[in-house]
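Architecture at a glance
This is what each chain is made of:
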Amino acid sequence: MNLIVRPGRPLQGTCPVPGDKSISHRAILFAAMAEGRSAIEGVLISGVTKPMLEAIREVGAAWNLEGRRLNVHSPGWPRWHPPATPLACGNSATTLRLLAGALAAAGVPATLDGSEGLRRRPMGRLIEPLQKMGVPIRGTEAGTAPLVLSARPLHQRLRALEIRLPVASAQVKSALLLAALAADGPVTVVEPQLSRDHTERLLHAMGATVETTLADDGTARHTLTPPSRSLSPFTLVPPGDFSSAAFLIVAALITPGSHLRLPGVGLNPGRTGLLDTLQEMGGWVRVLEIRERQGEPVGEIEVRHSPLRGIRIGGARVPAMIDEFPAFAAAAACAEGSSEVHGAEELRHKESDRIGALCEELRKVGVETEEYRDGFRIVGRRAIPGGVCDPHGDHRLAMAMAVLGLAAAGPIRVRHAEITEESFPDFAGVLQRLGADVRLEREA
Ligand code: S3P
């Protein structure tokens, strides 16, 4: 499908955003790790969460969907059985990495595989520490998927260790903390900067507390002491996904005449770095009514069209907006002056090489960019000519380019736009209902 976005119409109204992807992934998997019946209301059912749902059935958790309520009934991770076939994780690194950690705890033999894109993503950062803990796991010679786990008897506990991650990663941290449930003592994961902490919050609610301490230099230490009891089942309503809201926030900021309200959005500080960035760029974005809901801060975001100025980003801001660089790039392209990002080499290992791909696609629509090893520069301009671009198999790149079309001088056509369904079901429909001139057209 092509998504054709034309400028000229403001976005207005109130719009709920889809359920949080990170929390939905965890809720599905952790419900299968708990013993008993869990329910997740408003779970994100999309391209990336479906493989997780299929996987938990394969290891012995039963589930059914009643509308948007997912009911899961599981014997608990120590009673998981080996899946009959390789677990297909699609494009979802979260599915693959978190499942690897959980299967490592369960000692269940399994193969984890995924799309061509997923097979290119680095897994050595997970395989090596798991092996050090005593998990019989291997990947390809290049340190990529497929990952193969061999059987390990449950009475053979994993080694209690301290593990230092070279890069902040919530997926790797989570996988190691899940494996730690089967360790013979406390396991500590140290990351150079704090990554999102949804795993720690949800595990706490299930009776497995992770102690986190932050050092002055920003280093975060997370220690899980294996609980003696099984994980408790839960009922959860995931908040709206800030990473999906990000596209609507940027859309409203850059499109003249826009004014949006986005209720029920998750505002975990590990996720909302883009809010601070946009405010520092001069954007009119307000957060109303923050409240704690089931261990996560949730609130309403209000945003109005406003002029933006360029900004420099680096340091701890990077992990706090790691998924938002595509949305940020659309904002930077419309800002007064240049914007620069440094210390974000990790972006090269996302659904696409988000440094190379963003720079390339922005240039196609007439925006001047410069690529660095660890970031990029974008020269903001008033009149972006528009053109045709390709999302490189990356849902967030597709949405960022589409949003830019709202504020360009001419239309932007995003090819292979069905990829947006990975995380934001009916993205085009949502923009349309808010007033945008967008059209889906079959690929010629
Ligand atoms: C995620 C963590 C992030 C993020 C990804 C989802 C998660 O990756 O980019 O989209 O749900 O844990 P890292 O593992 O690099 O932090």
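Here, every reference points to the structure presented above.
Described below are features of the structure shown in this document. (Residues numbered from 1 in each chain as written. Predicted model: local features only at pLDDT ≥ 70, side-chain atom pairs only at ≥ 80, totals over all residues. Heavy atoms only, no water.)

1. Observations concerning the sheet that holds strand β10 (residues 162-164)
The 4 strands lie next to each other as β10-β11-β13-β12, forming an open sheet whose pairing is mixed. Lying at the two open borders of the sheet, with one neighbouring strand each, are β10 and β12 (210-214). Within this sheet the neighbouring strands show an average axis-to-axis angle of 15°, counted without direction. The pairing of strand β11 (residues 187-191) with strand β13 (residues 220-224) spans 5 bridges and is classified as antiparallel. Across the sheet, Val190 pairs through a bridge with Arg221, a residue of β13. Along the sheet, helix α6 (residues 170-179) makes contact with β10, β11, β12 and β13, crossing β11 at roughly 175°. (Pairing = 2+ DSSP bridges. Helix = DSSP H or I, 4+ residues; strand = E, 2+ residues; numbered from the N terminus. Axes fitted to C-alpha atoms, helices over the stretch in contact; angles between N-to-C directions. Contact = heavy atoms within 4.5 Å.)

2. What to know about the nonpolar core
Leu248, Ile249, Phe328, Phe376 and Leu404 are the most contacted members of the largest nonpolar core, which totals 79 residues. Aside from chain neighbours lying at most four places away, what touches Phe328 is Leu274, Thr277, Met281, Ile311, Ile313, Met321, Ser339, Val341 and Phe376. Leu99, Met133, Ala179 and Ala208 belong to the second largest nonpolar core, which has 72 residues in total. (Core = buried A, V, L, I, M, F, W, Y, C linked by side-chain atoms within 4.5 Å. Buried < 20%, exposed > 50% of the residue type's maximum accessible area, 1.4 Å probe, protein only.)

3. Things to note about the site of the ligand
The full set of residues close to the ligand is Lys21, Ser22, Arg26, Thr94, Ser169, Ala170, Gln171, Arg196, Ile322, Asp323, Glu346 and Lys350. The separation between an oxygen atom of the ligand and a polar side-chain atom of Lys21 is 3.5 Å. One of the side-chain N or O atoms of Ser169 is found 2.6 Å from an oxygen atom in the ligand. Contact with the protein chains removes 97% of the 390 Å² of surface that the ligand exposes when unbound. (Near = heavy atom within 4 Å. Polar contact = N/O pair within 3.5 Å; in protein donor to acceptor, adjacent residues only side chain to side chain. Areas by Shrake-Rupley, 256 points an atom, 1.4 Å probe, with all protein chains shown as cover.)

4. Description of the side chain of Lys21
On the secondary structure map, Lys21 appears in helix α1 (residues 21-33). Glu351 is the oppositely charged side chain nearest to the buried, salt-bridge-free Lys21, at an N-O distance of 4.6 Å. (Lys, Arg positive; Asp, Glu negative; His and termini not counted. Salt bridge = Lys/Arg side-chain N within 4 Å of Asp/Glu carboxyl O.)

5. Things to note about the packing of aromatic side chains
All chains considered together, the criterion is met by 2 aromatic pairs. Arranged with centres 6.2 Å apart and planes meeting at 80°, the rings of Phe325 and Phe328 form a pair that is edge-to-face. Taken together, the residues Phe325 and Phe328, both in helix α11 (residues 325-333) and 3 residues apart, mark about one turn of the helix. Across the pair, exposure class does not vary: Phe325 and Phe328 are buried alike. Above the ring of Trp63, the side-chain terminus of Arg57 is found at 4.2 Å from the ring centroid. For the cation-ring pair, Arg286 lies above Trp284, with the distance from its terminal atom to the ring centre recorded as 4.2 Å. (Phe/Tyr/Trp six-rings, centres within 6.5 Å; stacked < 30°, edge-to-face > 60°. Lys NZ or Arg CZ within 6 Å of the ring centre and 35° of its normal.)

6. So, the side chain of Thr219
Looking at where Thr219 falls in the secondary structure, it is placed in the loop between β12 and β13. For Thr219, a relative accessible area of 17% gives the class buried. Here Asp217 takes part through its side chain, which lies 2.6 Å from a polar atom of the side chain of Thr219. Beyond its immediate chain neighbours, meaning those up to four positions away, Thr219 contacts Val190, Glu191, Pro192, Thr213 and Leu214.

The quantities given are spatial measurements derived from coordinates; they are silent on function.
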